[in-house]
Every structure is written in C-alpha cells, then in structure tokens.
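Working through the structure, step by step
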Amino acid sequence: MRFLASGRRHKAARPLLLLVSLFLVGAFYAALAPATSSSAEGVADAQLVARGKQLFAVNCASCHGLNAEGLAQQGAPNLTNVGAAAVDFQVRTGRMPMANPLVQAPRKENTFTEDEIAALAAYVASLGEGPAIPGENQYDPSSVDAGGVARGGDLFRTNCSACHNFKGAGGALPNGVVAPSLEDSTGKDLWEAMRTGPGQMPVFASGAVPDEDVQKMVAYLQQVNQTPSAGLTLGGLGPVSEGFWGWVVGIGGLVLFAIWIATRGPRA
Ligand code: HEC
Ligand code: HEC
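These figures come from a predicted structure and were not determined experimentally.

This part takes up the site of ligand 1. Looking at ligand 1, there are 19 residues lining it, with C60, C63, H64, P77 and M96 nearest. In the model, a nitrogen atom of ligand 1 is placed 2.8 Å from a nitrogen or oxygen of the H64 side chain. Of all the secondary-structure elements, those providing two or more residues to the shell around ligand 1 are helix 3 (61-64) and helix 4 (83-92). Split into classes, the residues belonging to the shell around ligand 1 amount to 12 nonpolar, seven polar and no charged.

We now examine the coordination of the iron atom of ligand 2. Coordination sphere of the iron atom of ligand 2, protein contribution only: H164 (NE2) and M201 (SD), at 2.0 to 2.2 Å. Around the iron atom of ligand 2, the six donor atoms sit at angles spanning 84 to 178°, and that spread fits a shape best called octahedral. Here the residue H164 occupies a position in helix 7 (residues 161-164), and M201 occupies one in the loop between helix 8 (187-196) and helix 9 (211-226), the gap between them amounting to 37 residues. Here H164 falls in the buried class, since its relative accessible area comes to 10%.

Of all the 10 residues making up helix 4, nine are buried; the element is thus mostly covered by neighbouring parts of the structure. The positive-phi residue at the C-terminal boundary of helix 4 is G94, with phi of around 75°.

Definitions and limits used
- Residues numbered from 1 in each chain as written.
- Chains lettered and ligands numbered in written order.
- Predicted model: local features only at pLDDT ≥ 70, side-chain atom pairs only at ≥ 80, totals over all residues.
- Heavy atoms only, no water.
- Near = heavy atom within 4 Å.
- Polar contact = N/O pair within 3.5 Å; in protein donor to acceptor, adjacent residues only side chain to side chain.
- Helix = DSSP H or I, 4+ residues; strand = E, 2+ residues; numbered from the N terminus.
- Nonpolar A, V, L, I, M, F, W, Y, C, P; charged D, E, K, R; others polar.
- Donors = N, O, S within 2.8 Å, 3.2 Å for Na, K, Ca; no water.
- Tetrahedral: all angles 85-135°; square planar, octahedral: opposite > 155°, others 65-115°.
- Buried < 20%, exposed > 50% of the residue type's maximum accessible area, 1.4 Å probe, protein only.

From the geometry alone we can't say anything about function, so treat these as descriptive.
Structure below.
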C-alpha cells in the first residue's frame, strides 16, 4: 500500500494511467466491434435512404407526392408498397421520371447514376413491403441446360406471347398500349418486370413462376435473339405471315421463270 501510495505521486504515474486506460478502451472496442459494424451498416442504410428521399423530392414528388403516396390528379400511383425492384426497373429503363403522364411511360435513356437509383430504391423500400432488387443468381441463365431452354420456350409461349409475341418481338394491345420488344431486355429487366408488373403487364409472383423458371425464360429469349433469322423475318410475326412472304417470293419467282421459259423456249 505504501508502495502504491508513493507510486501515485511518481512523475510517470499520469502518463502511465493514460496509456493503460487507452489500452482498455481499445480492447473494449475490439471486443464490441462485430456488434458495432452492423450498426455502422445501419447508419449507411439510413444515409442512403435520406439521400433517396432528397432525390425523390426533386425528381418524383411532383407526381407521386412528397411521401410517395401518389397524386390522383397526375395519375401517378402510390409507391409505398411497390418495392425496390419496381423503382430499379422504372428508373433504370428510363421510364421514370416520366416527362408527362402519357398513356404509357416509354423506355428511354436513363439519366441517373447507379448510386442515385440505389438511393431512390432504398427510400421507396423503406416505406413498406415489395420485392427487393434481385441478385444475379436469381435471373442468371448460365446454369440452364438444353431441356431448360425448351421449357423456357413453353413457359414464355404460355405466359408472355399473348402480348409480347412468341419470339418476344412485341405487339400492340388495346387503347394504344404497346407490349415492347424484349430483344434488348436483360435477365434483370425480365425478373423485375415479372415481379412488379409495369403498366398494363400483370404481376407474375414467385409463387406462380419461381426464379428457376425465370432463368429458363431468359435462356430461351437469349437463344432466340442469338439465332440469326433467315433473311426477312417480318418481325417474327409467325408462320402465317412468314409463309405468305414465302409464297410471294417463291411462287412469284416460279411464275417469272415460267414466263422466261415461255418467251425463250423453242416454241417462241
Ligand atoms: C410526370 C409524372 C411522374 C413523374 C415525374 C414520376 N412518375 Fe413514376 N409514375 C407516373 C405514372 C403516371 C405512373 C403509372 C405509369 C404506368 O402505370 O405505366 C408511374 C409509375 C411509377 C412506378 C411503377 C409503380 C408500380 O406500381 O409498379 C414507379 C416505381 C415509379 N413511377 C417511380 C418513380 C420515380 C422513382 C420517379 C422519380 C425518379 C418518378 N416515378 C417520377 C408518373 C410520374
Ligand atoms: C397482358 C399483356 C402482357 C403479358 C401477358 C406480359 N407482358 Fe410484359 N409487358 C407488357 C406491357 C404493356 C409492357 C410495357 C409496360 C410499360 O412500361 O408501360 C411490358 C413490359 C415488359 C418488359 C420490359 C421491356 C422493356 O422495354 O423494358 C419485360 C422485360 C416484359 N414485359 C417481360 C414479360 C414476360 C417475361 C412476360 C411473361 C412472363 C410478360 N412480359 C407478360 C404486357 C404484357
């Protein structure tokens, strides 16, 4: 005790005490670090949401309302339960922000950066339920085999071809609405469109069409788009119109040939 009491008055006592307490704080922090890193993530999320809210106020609120509640006079829907996937789809494909509320938001050049889209999506996702932005493993078709591609074709013809045509070339719907060509659509576009149902398109939930089936459809469309078509396809309108084209060229050519023979033949 006497040693300690005198030691406290030692010149080095204060700096030593400081060092020891710094060490203790460091050790204490290290022990808690795993717990604090997730709260650091929480802070980052909160920042992303805050940034998204700002971007939303500037670019989207004029139609969708300051709290994404939707403004009836603009015909703009409530976004509180559309999820991050809907925002990612609509902004990435340039549909949103809409220039003016037409019948249908056309695909156009997207003017937002990836970070801005992530922020907008995080903000809307923070408001309610809805599908998240998919990971690549959810739509990537690389594990689909030949049988899967064929199945993808069946699924596509059953669920999608009524509007998008059996090769995904697109088509017209009533009231001037267009089901766009899917030629340039990515696997992510397909997944997000199916899960969120943009415009007149119905939602295909994962309960009805699981992710493995989406991958098969992506694989099918990729194969269709890579297969070079033999000359004029007439937009893949189907056997009737393409057969008609065959008639015009084929039979027309035969008739011309027959005329040529008739005029050049020994009889002439
Ligand atoms: C000029 C008005 C206008 C602006 C600005 C606008 N929107 Fe929209 N938005 C609409 C309309 C109208 C629809 C419905 C269109 C449709 O169904 O095709 C819509 C639909 C959407 C949808 C689809 C909702 C669903 O049910 O799947 C999302 C997501 C969306 N908007 C996000 C945004 C975001 C994010 C912004 C800002 C970057 C934005 N919008 C800016 C008018 C607007
Ligand atoms: C009832 C008609 C209808 C059916 C069925 C339908 N779609 Fe659509 N689809 C549409 C319309 C309309 C749009 C354009 C939506 C908009 O932005 O206004 C669209 C848009 C899309 C897009 C976005 C394309 C782009 O230009 O960015 C994809 C991808 C898509 N559909 C895939 C599918 C798939 C896959 C299926 C089948 C599982 C399917 N659709 C079934 C009508 C339909």
